[in-house]
Amino acid sequence: MISNKEPYLIRNINTILSVILFIKIAGYFSITDVKIITQIFKVISRVGMTMLVFLILQQLKNYGCVNILRLKNTFNLLLYVGYLLLGFASFTWSTDPMYSALQWFMTFESFVFVYLFYIVVYTINIFYPHKKINLVNLFVKAIFPIIVIFIIGSFVLPDFFYREMRGGEETRLGGWIMNPNELGMLASILGALSYLYLIEKKGLKKLFPLISIFSALTILLLTSSRSSLIGFLLIIGVLILKSGSKKLKIAMFALMAIVAPIAVKVIIFKDGGGVEEVMSMTGRLPFWKALLNEGIVKEPFFGYGFMRINYTEYFQGLNTYPGKMTHNTFMQVLMNLGFVGLFIALFQVFFTIKNYIKEKTSDYSTFFIALIIPIMINSFTEFGIFGDANYGILFWQFLIFLFLFEKREHLTTLEKAWLRKFNQKAVTVNN
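Cut-offs used in this document
- Residues numbered from 1 in each chain as written.
- Predicted model: local features only at pLDDT ≥ 70, side-chain atom pairs only at ≥ 80, totals over all residues.
- Heavy atoms only, no water.
- Helix = DSSP H or I, 4+ residues; strand = E, 2+ residues; numbered from the N terminus.
- Buried < 20%, exposed > 50% of the residue type's maximum accessible area, 1.4 Å probe, protein only.
- Contact = heavy atoms within 4.5 Å.
- Polar contact = N/O pair within 3.5 Å; in protein donor to acceptor, adjacent residues only side chain to side chain.
- Axes fitted to C-alpha atoms, helices over the stretch in contact; angles between N-to-C directions.
- Parallel < 35°, antiparallel > 145°, perpendicular 65-115°, else oblique.
- Left-handed = near helix turned anticlockwise from the far one by under 90°.
- Phe/Tyr/Trp six-rings, centres within 6.5 Å; stacked < 30°, edge-to-face > 60°.
- Lys NZ or Arg CZ within 6 Å of the ring centre and 35° of its normal.
- Expected span 1.5 Å × (residues − 1).
- Bend = angle between axes of the 7 residues up to and from the residue.
- pLDDT = per-residue confidence, 0-100.
- Patch = residues over 30% accessible without salt bridge, like charges linked within 9 Å, V, L, I, M, F, W, Y side chains within 5 Å.
- Areas by Shrake-Rupley, 256 points an atom, 1.4 Å probe, with all protein chains shown as cover.
- Salt bridge = Lys/Arg side-chain N within 4 Å of Asp/Glu carboxyl O.
- Nonpolar A, V, L, I, M, F, W, Y, C, P; charged D, E, K, R; others polar.

Undergrad: Just checking my understanding: could you explain the overall build of the protein chain for this structure?
TA: The helix and strand inventory of the protein chain stands at 18 helices and 6 strands. Counting every position in the protein chain, which comprises 431 residues, the buried fraction comes to 52%. Across the protein chain, contacts joining residues at least 24 apart in sequence account for 75% of those joining residues at least 6 apart.

Undergrad: In this structure, what is going on with the environment of S30? I would like to understand it.
TA: As for its placement among the helices and strands, S30 is situated in the loop between α2 (13-26) and α3 (35-62). On the accessibility criterion, S30 (18% relative accessible area) is buried. Taking the C-alpha atoms as reference, S30 lies 7.0 Å from W176; in sequence the two are 146 residues apart.

Undergrad: Could you clarify how one ought to interpret the side chain of N390 in this entry?
TA: For N390, the location among the structural elements is in the loop between α15 (365-379) and α16 (391-401). Judged by relative accessible area, which is 5%, N390 ranks as buried. Here the side chain of N390 touches D388 through a polar contact of 2.7 Å, landing on its backbone oxygen. Polar contacts involving the side chain of N390 include one to the main-chain amide nitrogen of G392, which spans 2.7 Å.

Undergrad: Looking at this structure, I do not really get the packing of helix α14 (residues 329-358) against α16. What am I missing?
TA: Two packed helices can be described by the angle between their axes and the distance between those axes. The geometry of α14 relative to α16 is characterised by a closest axis approach of 9 Å and an angle of 55° between their N-to-C directions. Classified by the interaxial angle, the pair formed by α14 and α16 is oblique. Crossing geometry of α14 relative to α16 is assigned as left-handed. Packed against α14, whose contacting residues are Q348, V349 and T352, the element α16 presents W396, L399 and I400 at the interface.

Undergrad: What exactly am I supposed to notice about the packing of aromatic side chains here?
TA: Within this structure, the stated rule accounts for 41 aromatic pairs. Relative to F401, the ring of F111 has its centre 5.3 Å away and its plane inclined at 40°; by these criteria the two rings are tilted. One end of the pair, F111, is in helix α5 (residues 97-127); the other, F401, is in helix α16, with 290 residues separating them in the sequence. Of the two residues, F111 and F401, both sit in the buried class. Aromatic pair F160 and F161: ring centres 5.5 Å apart, planes at 85°, arrangement edge-to-face. With a relative accessible area of 8%, F161 lands in the buried category. Between K24 and the ring centre of F113, over which it is positioned, the NZ or CZ distance is 4.5 Å.

Undergrad: I would appreciate a short explanation of α14 in the present structure.
TA: Along an α-helix, residues three or four apart share an orientation, since each turn contains 3.6 residues. Between its first and last C-alpha atoms α14 spans 26 Å; for 30 residues at 1.5 Å apiece the expected length is 44 Å, and the helix comes up short by more than 12%. Of all the bends in α14, the greatest measures close to 130° and is centred on L337. Residue N328 occupies the N-cap position of α14, its side-chain oxygen lying 2.9 Å from the main-chain nitrogen of F330.

Undergrad: Can you walk me through the confidence of the model for the protein chain in this structure?
TA: Low pLDDT marks stretches whose predicted atomic positions should not be read closely. Looking at the protein chain as a whole, the pLDDT averages 87, with 87% of positions reaching at least 70. Scored below 50 in pLDDT, residues 426-431 makes 12 contacts in the model with residues more than four places away or belonging to other chains.

Undergrad: Explain a nonpolar patch on the surface here, please?
TA: On the surface, a nonpolar cluster with roughly 530 Å² of combined accessible area is contributed by I31, V34, I36, I37, I40 and I44. Of note, I37 is situated in helix α3. Using a relative accessible area of 43% as the deciding quantity, one classes I37 as partly exposed.

Undergrad: Would you take a moment to explain the packing of helix α8 (residues 180-200) against helix α10 (residues 226-242) for this structure?
TA: Look at α8 against α10: their axes get within 8 Å of each other, and the N-to-C directions meet at 15°. Judged by the angle between their axes, α8 and α10 are roughly parallel. The chirality of how α8 crosses α10 is right-handed. In this structure, α8 contributes N181, G184, M185, S188, G191, A192, Y195 and L196 to the contact, and α10 contributes S228, F232, I235, I236, L239 and I240. Partitioning the contact of α8 with α10 into residue classes produces 9 nonpolar, 5 polar and no charged.

Undergrad: How should the environment of M49 be read in this particular structure?
TA: Note that M49 resides in helix α3. The class of M49 is buried, set by a relative accessible area of 11%. A sequence separation of 25 residues divides M49 from K24, and the C-alpha atoms of the two residues are 6.3 Å apart. Not counting residues up to four positions away in its chain, the partners in contact with M49 are I20, I23, K24, I44 and F113.

Undergrad: Please clarify how the pattern of salt bridges should be interpreted in this entry.
TA: Pairing between side chains of opposite charge can happen when their charged atoms approach one another. Taken as a whole, this structure holds 6 salt bridges when the rule is applied. Note that E359 is salt-bridged to K72, the shortest N-O span being 3.4 Å. In this pair, E359 is assigned in the loop between α14 and α15 and K72 in the loop between β1 (69-71) and α4 (75-89), connecting sequence segments 287 residues apart. Among the residues examined, E359 registers a relative accessible area of 18% and is labelled buried. Judged by relative accessible area, which is 24%, K72 ranks as partly exposed. E406 is the partner of K72 in a salt bridge, and the nearest nitrogen-oxygen pair spans 4.0 Å. With K72 in the loop between β1 and α4 and E406 in strand β6 (residues 405-407), this residue pair connects regions lying 334 residues apart in the sequence. For E406, a relative accessible area of 24% gives the class partly exposed. Counted as one network, the salt bridges with shared partners bring together R70, K72, E359 and E406.

See the structure below:
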């Protein structure tokens, strides 16, 4: 802007967006075992942040920042909208339409949030390039406080932050606040993004990302999440291989040679479960087999309704445990919306990855890798990107929109007049 003094919003936009994203992600956690308080917190933190981003966008318009963006590579977006429309239609055949509607609304609400969030980010980057928003740094600063809270909580309130499993034989960080595997996924994302943050910094500025990486590794250890640890190692391996540093690659292979035996012990032989337990996906394979043989055959085309896997609340196979969710996002969408929904979801993932391949020279190609690997691994064992409302869905929606926005080359007469009214430099837009 031409004005010598920028508004408070612009001066602090990076901090404001980091706080908004932090609260948005925190909105997926259960802060207390009192159900009504948790529900109020989740509604305020999620819907409230969407409304706040909308208000920021309106304020930017008051500063003369007209919307000069357009969409490209939109086939993956259209397929996701098709998935949402099919989910909406499924209320008519769901045996619990209220539950389906609630889950659908939370998914749709985060979809709107991400769309508005990106418009704010691109608008700032166009009109205020000196305040350019870096998504990697933004996500690190948003996730890091959550991880620190869990580390502190593990020492201060272990009874609240830890969960006993296997009849008390194992305790895992997460408690009833968050599923340990979901928390592990968040830690693996933080670790990967912190690595990207680290390689951008020099000198003492490397201290924060190093602390962040250490914090992420601590959470991975305390959650004992096999899938998250595998995801983290894969991300770091891919990111280092993509780097141009031969020394870094050699160091990585040397580190892998040292870490591999320890990782195998932690992942494969954890708690004496051995290879058999891992190969059965800790008992999930028999459950998935029952879902295919006894469940989907009853409603093969359109499923049981959005986020429903049976006519009743739980699915009980002849020889399996009862389950409310499938522990696999693609199996979940198959049960929810049948084979029609599954094919839409699979093609939607395909075209999202295709957009990355098309835009792999983009500055955000590594950001895409840092997010997609852990959320995809999580999708094969937990809620995932098409499951019950979780921040994995939020992150997937960020990836859907990542390569879709571009600046328009030409402005309308009205837009040019609006820019002149607020003294915005048209050259900033057209360059």
